[in-house]
Each structure stands twice: as C-alpha cells, then as structure tokens.
Amino acid sequence: MMRQYELVERVKAYDPEACETTLNRAYVYATQKHGSQKRASGDPYFSHPIEVAGILTNYKLDCDTIITALLHDTIEDTDATPEEITKLFGTNIMKLVDGVTKLTQIELKSADSKQAENFRKLLLAMSEDIRVLLVKLADRLHNMRTLHYITKPEKRVRIAAETLEIYAPLAERIGMHDIKEELEDLAFQHINPEARDSILARLEFLREKDDNVVSRIVSELKDVISRQGLKVDIYGREKRPYSIWQKMQRKNITFGELSDIMAFRVLVDDMPQCYEVLGYMHANYKVVPGRFKDYISTPKPNGYRSIHTTVLGPENHRIEVQIRTRHMHEVNENGVAAHWAYKQDTPTGQQKEGVQYRWLRDLLDILEHASEPEEFLEHTKLAMFQDQVFCFSPKGDVIALPARATPVDFAYMIHTHIGDTCVGAKVNGAMVPLRTVLNNGDQVEIVTSKAQTPNPTWERFVVTGKARARIRRFIRQQQEDQYKDLGKAILQKAFRQEGYDYSDKAIDGVLKIFKQPSVDALLTLVGAGHHTGREVVHAVFPGTKDKETARKVVPLEKVRARKHDHAIPIKGLIPGMAVHYAGCCHPLPGDRIVGIVTTGKGVTIHTIDCDTLETFTEQPERWLDVGWDNDGEPEHFIGRLGLTVGHEQGALSSITSVIAKNHGNITNLRFTNRTTDFFEMLIDIDVVDVKHLTNIIAALRATPVVNAVERARG
Ligand code: MN
C-alpha cells in the first residue's frame, strides 16, 4: 500500500503547486472513515481508495481528481456525510465524489448485451465531469486487479463480464487504451481461463521455437527506415491474449491459423514522417491486401490516430505495423487523461492534435481559451449525449430516448401497443403526468388500459418520431371512420327528405359518376363535406332536381322552431376530428344545436341561437340537423361564462370555490374590463353538459359578490 508521503510526492512530481494540505487531509480522512473495514483480500479497506488514487497519479491528474479518488467510497460505505465532506474539502470535491457515488449506485440489471451500449451511454451521460469517469475506471481497475480474492465464482464471473461489457469499452471510448487492455485481460482470466491459458501456452511455445524473433524484426525494421535517414523508435510485442482470442472468435479460426500475433509500433516526430515510413514499409515488404487503415486522416471516434498496415515482413513473418507520431501515441494510450498531462507540461501549443475528440471539442475549446488551469477544470462539464436521456424499464432495461422525452415516448419505444394503450406513468415509483420530461436514470413504469386509445393531445408533447407517427396515424384513421359514419348519416337523411330509402346498393350504382372506388370512399367524401347529400340523391334519382330550387334560404326562426325528429346523432368528439364545436357559441350537450358542413373539415356544431348561423342562411345545402347522442360516457366540454363581479376582497376566491364545489374545472380566466367597483371576466369551465353549466350558473348567481352571470357568446 502506498504511504501518505509517497502519494503526495507522486502528485507533486508532476504538479508542484498541488495542495499538499488537502491531499494529506483526504488521505487521513479516508483512512479514519474506513477504519477497520476489510477488503476480501484481508487488506484494510482504505488501501483500496489509496491504490485508486495511485493509479490516477500515473495519468498526472489534477489534485481534485486524486482527492476524489481517496474519498470515492466514503459516502457509500462509511458514516461520512456530504455536509462533512463539503465542509472539509469544498463543494467542488463534493460534487465529484457525489458523481462517483451515483455511478456506483446504478447497476446494470439486464444481461442483454444490446443493453450494454445504452448503459455505457448512461454512465457517460451521468459523468458530467470527465474526472468522475476517470475515478470510476481506476476504481474498477483496482477491483479487477484484486478480483481473485473474491471467493464466490459466480460473483467473480459477473463482475468480470460487466467489466468486459461496460467498463473496458468505456475506457476505449474515452481513449484510455492501456486501461482498456488491462481490464480486458483481467476479465478474460475469470471468464475463460482455459482459453487464456491455451493462448499463453501457445505464445510461449512460439517464443521458445523462435527465440528473439521480435527483437530481430525490430532491428531489421529499424535498419530499413534509418537507411532513409529517419530517426524513429520501434517497439514490438505480442498481441494481448484477449485481443487474440477476440480475433479467433470473430474470424472463426484456430490459433494455428492465426498468423499476425505480433504487432510493431513505429513512433516518429511528425505526421508527414508517418506517411514516409509507410512508403518504406510498402516498398520493402509485400503488403497483405485489405489490411491498410489510415486512422490519421480519419480518426476513430475516440480520437485514436495511427496508420495500420500488415506486411509479410522480415523472415516472411506476417506482422502488423502501426505508425504514428509520439504525441498521437500518448493520446492513443492515455486518451482524455493525456490532455491533463499536456496541460501540466506545456501550457500552450500542444492542444492542436487533441481536437479530434468529437465530444470533447467544447471542453478543448475552453482549454484553449481559459486563462487559468483552474478555469479549465471548472468548465469540464461534458456535453456528451446531452441530446439523449437514458431511462430504466421496470425489468432494468436501459431505454435511450431523445432529450425532453416523456413517458408516452418511453411507452412507444417499448412497444407500439403499450404506447397506444398507456393511461399513466410512474417515474421512480410516483405517478406523474404523461407530459413529464424524463431525466437520466429515471425508472419508468407505464400504466396501460385496454380501453385507451392514442390521445391527439399527446402530439403536443411527444418528441420521438415513432410516437408522433402512431398518434397521427390513429387520428387520421379515426377521422376517416368518422367522416364515413357522418357521410352515411347525411345520405340517409337526404334520401328520407326526398321520400326514398337509403341503400348501399343505390350508392354503389353511382360510384362512377363521382369517380370513387367504393361506397366507403364516397361516404367519406360526403362526410368531409366535399359532396352534399343532395348531390348524391340527384345522381341516384335524376328527376328530383326540381324540388331543391324551392328551398333557397333557411329561415332561422323555422330552424329554431324545428323539432329534432330526424337529427343526426353526434357524440362529443375530440377537437380536430370530423365533428367539432364552434368557438363562437361553445355548444354543450343539452343545448339545441345545428351542424354546418365545412368543405374538407366535416361538420361544425353551433348552438341554435348562435348569431354566426345568419352567415349561412343562403346556403341551405350546408345545414345539417344534428342532436346529441347521450349514450356514451360523460365527456368534457368547455363552457364559457361572462361574469360581472363586485370589486372586493376575496371575490375571486369565492367564485373559484363555488365553481369547484360544483365540480367545474376552470381552464381559462381572463379579465375583460375593470372599474373601481366591478370587474368583468370570461371564465372557461370544463363541464359535462349544459345542465352541469346551468347548475354552476345558478350557484354563481346565488353568490353575493357576483353581480351578473351569462353564458358568453362570440
Ligand atoms: Mn471503490
């Protein structure tokens, strides 16, 4: 275990200005807090955070990171409190420790490997500060190094598998190549020890058979290149057992068939030299086709840059050669952490090559423009995946959604049927409105009901294309069905008025005239107002045309006096559908109503005393006799009231409480006029029908502060 002074020395070696006092305080605090706790190895627990801190000093990370490493398990595993840590180490450190604790707390519950990628993204998204992730990776690395002490084999395998699926790829994602390799190799030992042993044995055998082959190849390559007057470093090595094994799996080949188990690295000073060296390689050795990759012109997403080529090299060995600059090499091996190292070594000039980190671009931008290193660290909030949010299903699956996604989006993401029938949602155990915006790590449970259908109002807040498409499709389908039903009702009525009986067969006979493929299609057109019922009747019975001329104008008084014997029953429907309610008079179930056919929009319902109707008196073909269909479940409608209220204290609250007592829900309230004595206002109230509204009006009239109440028109 690293001693206190050793750790401090290590940090001071690369950061002479490191805060020694705080480092010491953190070291002592961690030792005291973990006290007599023991690791599976029998070591005192506090050796773990100290080792984790030690690992991070290899990457020359800043003091805050090292302190965070020392404290990373105190919140989770000891009686340390956030308040105490804030008091002793400040809010910045506390934020970092909290970040690591949160990462530790979320756990991948699903073994499905499709989930792994989302889970990695969740970890990245939750690591607002990249240093949180660096500490977490070092934590995992130390746990993996000591995994053999864990006695239960299932537990070892589970942790090793998680390391392979989550943490090794994460390390690669942020460019920490050597951590990735070590994690993989350690995990491999526990997951498939037999495979690893046989690969190691085979490597040993090859080594004995052909002693010093690596160094012979290195010196020949060096010779070839230095003849051209270039100064380079060349390193040769066997590939790691795990990467050999992966290749065997991927290509489905045996070890005997695996030829390029040796990799050579050529390090040069600058980028043009990379291509020069490549030229010498290809001029001197036979190229293995299809193996050339230029990650310098097209870097990997994690910023990795190098040229790879495979040749039949010295002694006819098939070898992979990687060519890169020394700086590229450092970034390839240490990734994100390399930037801290450079920041420490050279304050300016070195950052240019690092800009390839797509998701680190913002961060580097700050690096280039920040005047102080502290300022840089202050702003190292990662913008990664900010356009995405990751939530858990009750089974523990991680669902990736766009930012601002709601439970409805979540439901559709899981299954179309769940989306279509969702009625409510629980987020982290509590019921929330369906429009609630989801956050990273939320656990979402969708409540469904067989009776539910997609709600058109959802379209206003969903953000996924899938949800939107389903909702729109449903609305369209509903609308078509309604147009069809409405069209049929209109035709039945038109037929009856002319003294005929309606039949589908009669309609079928005139489809050609209207150029429609089916009866349903024609009914839909009539319902949508593109053809009138009369037009269709005349097509079926051409002789009836004359009667129509007699009826030029609709006498409003007559309409108002008319009995609704043959009214077309309409239901309370959703706005935007085939039937909708006029905004001028807000008709309610129970009101006497009239329908006006609007071309392409279906039918607009007005109350029979609505002034707007006068506009249509000369277009009798657009009038439709309609009545309420009261069979359905109670629905909600907006009733609008105009109130005149005395200007006194508590007036508004007595009005609202009267409305609430009568089960009315105020959806909108607007003042229209205000004087010293009175104010006038318009109130929109959610009601079931006209009787409901009448009750509310009566109750309001009985309220002392209310001077006058009227249903508002227009
Ligand atoms: Mn730990």
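One structure accompanies this document, and this report is about it. (Residues numbered from 1 in each chain as written. Predicted model: local features only at pLDDT ≥ 70, side-chain atom pairs only at ≥ 80, totals over all residues. Heavy atoms only, no water.)

Section: the overall build of the protein chain
Then step 1. Broken down by element type, the protein chain carries 29 helices and 21 strands.
Then step 2. Per-residue burial for the protein chain yields a buried fraction of 49% across its 714 residues.
Then step 3. Accessible surface, the protein chain: about 34,900 Å² in total, of which carbon and sulfur atoms supply 49%. (Helix = DSSP H or I, 4+ residues; strand = E, 2+ residues; numbered from the N terminus. Buried < 20%, exposed > 50% of the residue type's maximum accessible area, 1.4 Å probe, protein only. Areas by Shrake-Rupley, 256 points an atom, 1.4 Å probe, with all protein chains shown as cover.)

Notes on a nonpolar patch on the surface
Then step 1. A contiguous nonpolar surface patch, about 240 Å² in accessible area, is contributed by V423, M431 and V447.
Then step 2. With respect to the helices and strands, M431 occurs in strand β10 (residues 430–432).
Then step 3. Among the residues examined, M431 registers a relative accessible area of 52% and is labelled exposed. (Patch = residues over 30% accessible without salt bridge, like charges linked within 9 Å, V, L, I, M, F, W, Y side chains within 5 Å. Salt bridge = Lys/Arg side-chain N within 4 Å of Asp/Glu carboxyl O.)

Looking at the sheet that holds strand β19 (residues 665–674)
Then step 1. As summarised here, the arrangement of the four strands in space is β19-β20-β18-β21, forming an open sheet in which the pairing is antiparallel. Edge strands, defined here as strands with exactly one partner in the open sheet, are β19 and β21 (706–711). Shown here is a sheet whose adjacent strand axes are inclined to one another by a mean of 20°, direction ignored.
Then step 2. As paired elements, β19 and strand β20 (residues 678–687) share eight bridges and run antiparallel to each other. Across the sheet, residue I666 finds its bridge partner in β20, namely I685.
Then step 3. With respect to the sheet, helix α28 (residues 651–661) is in contact with β18 (637–646), β19, β20 and β21, its orientation differing from that of β20 by roughly 20°. (Pairing = 2+ DSSP bridges. Axes fitted to C-alpha atoms, helices over the stretch in contact; angles between N-to-C directions. Contact = heavy atoms within 4.5 Å.)

Quick word on the coordination of the manganese ion
Then step 1. Protein-derived ligands of the manganese ion are H48 (NE2), H72 (NE2), D73 (OD) and D139 (OD), with the metal-ligand distances lying across 2.2 to 2.3 Å.
Then step 2. The sequence motif formed by the donor residues of the manganese ion is H-x23-H-D-x65-D. Taken together, the residues H48 in helix α3 (residues 47–57) and D139 in helix α9 (residues 130–145) connect sequence positions 91 residues apart.
Then step 3. The exposure class of H48 is buried, given its relative accessible area of 0%.
Then step 4. A residue is classified by how much of its surface remains accessible, and D139, at 5% relative accessible area, is buried. (Donors = N, O, S within 2.8 Å, 3.2 Å for Na, K, Ca; no water.)

Considering the side chain of D409
Then step 1. One can find D409 in helix α20 (residues 407–414).
Then step 2. From its side chain, D409 meets the backbone nitrogen of V463 in a polar contact 3.0 Å long.
Then step 3. If near-sequence neighbours (up to four positions away) are discounted, D409 is found in contact with L401, F461, V462, V463, T464 and A467. (Polar contact = N/O pair within 3.5 Å; in protein donor to acceptor, adjacent residues only side chain to side chain.)

Considering the pairing of strand β5 (residues 307–312)
Then step 1. Of all six residues in β5, five are buried; the element is thus mostly enclosed.
Then step 2. As paired strands, strand β3 (residues 286–287) and β5 are joined by two bridges and run antiparallel to one another. Within β5, the residue paired with K286 across the bridge is L312.
Then step 3. Pairing between strand β4 (residues 293–294) and β5: two bridges, direction antiparallel. Bridging from a neighbouring strand, D294 pairs with I307 of β5.
Then step 4. When β5 meets strand β6 (residues 318–325), the two strands line up antiparallel, connected through six bridges. Directly across from T310, in β6, lies its bridge partner E320.

Focus: the packing of helix α4 (residues 63–71) against helix α7 (residues 91–105)
Then step 1. The interhelical angle for the contact between α4 and α7, taken along N-to-C directions, is 50°, at an axis separation of 9 Å. By the angle between their axes, α4 is oblique relative to α7. Between α4 and α7 lies a crossing whose hand is right-handed. On the side of α4, the interface is formed by D64, I67, T68 and L71, while α7 contributes N92, I93, L96, V97 and V100.
Then step 2. Per-class residue counts for the contact of α4 with α7 are six nonpolar, two polar and one charged. (Parallel < 35°, antiparallel > 145°, perpendicular 65-115°, else oblique. Left-handed = near helix turned anticlockwise from the far one by under 90°. Nonpolar A, V, L, I, M, F, W, Y, C, P; charged D, E, K, R; others polar.)

Notes on the pattern of salt bridges
Once their charged atoms are close, side chains differing in charge can pair, the charge on each being opposite to the other.
Then step 1. With the rule as written, the count across this model stands at 23 salt bridges.
Then step 2. As a salt-bridge pair, D233 and R326 come within 2.9 Å of each other at their nearest N and O atoms. One end of the pair, D233, is in strand β1 (residues 233–238); the other, R326, is in helix α16 (residues 326–334), and 93 residues separate them in sequence.
Then step 3. Residue K488 is joined to D504 by a salt bridge in which the shortest nitrogen-to-oxygen separation is 3.8 Å. Here D504 lies in helix α23 (residues 504–509) and K488 lies in helix α22 (residues 465–497), a separation of 16 residues in the sequence.
Then step 4. Using a relative accessible area of 29% as the deciding quantity, one classes K488 as partly exposed.
Then step 5. Owing to a relative accessible area of 36%, D504 belongs among the partly exposed residues under this scheme.
Then step 6. Counted as one network, the salt bridges with shared partners bring together K33, D79 and E84.

As for the packing of aromatic side chains
The way to describe two aromatic rings as a pair is by their centre distance and the angle between their planes.
Then step 1. Under the definition given, this model contains eight aromatic pairs.
Then step 2. With a centroid separation of 5.6 Å and 70° between ring planes, the pair formed by Y29 and F89 is classed as edge-to-face. Of this pair, Y29 sits in helix α2 (residues 20–34) while F89 sits in helix α6 (residues 82–89), and the two are 60 residues apart along the sequence. An identical accessibility class is assigned to Y29 and F89; each is buried.
Then step 3. Ring centres 3.6 Å apart and planes at 10° place the aromatic pair Y500 and F541 in the stacked group. (Phe/Tyr/Trp six-rings, centres within 6.5 Å; stacked < 30°, edge-to-face > 60°.)

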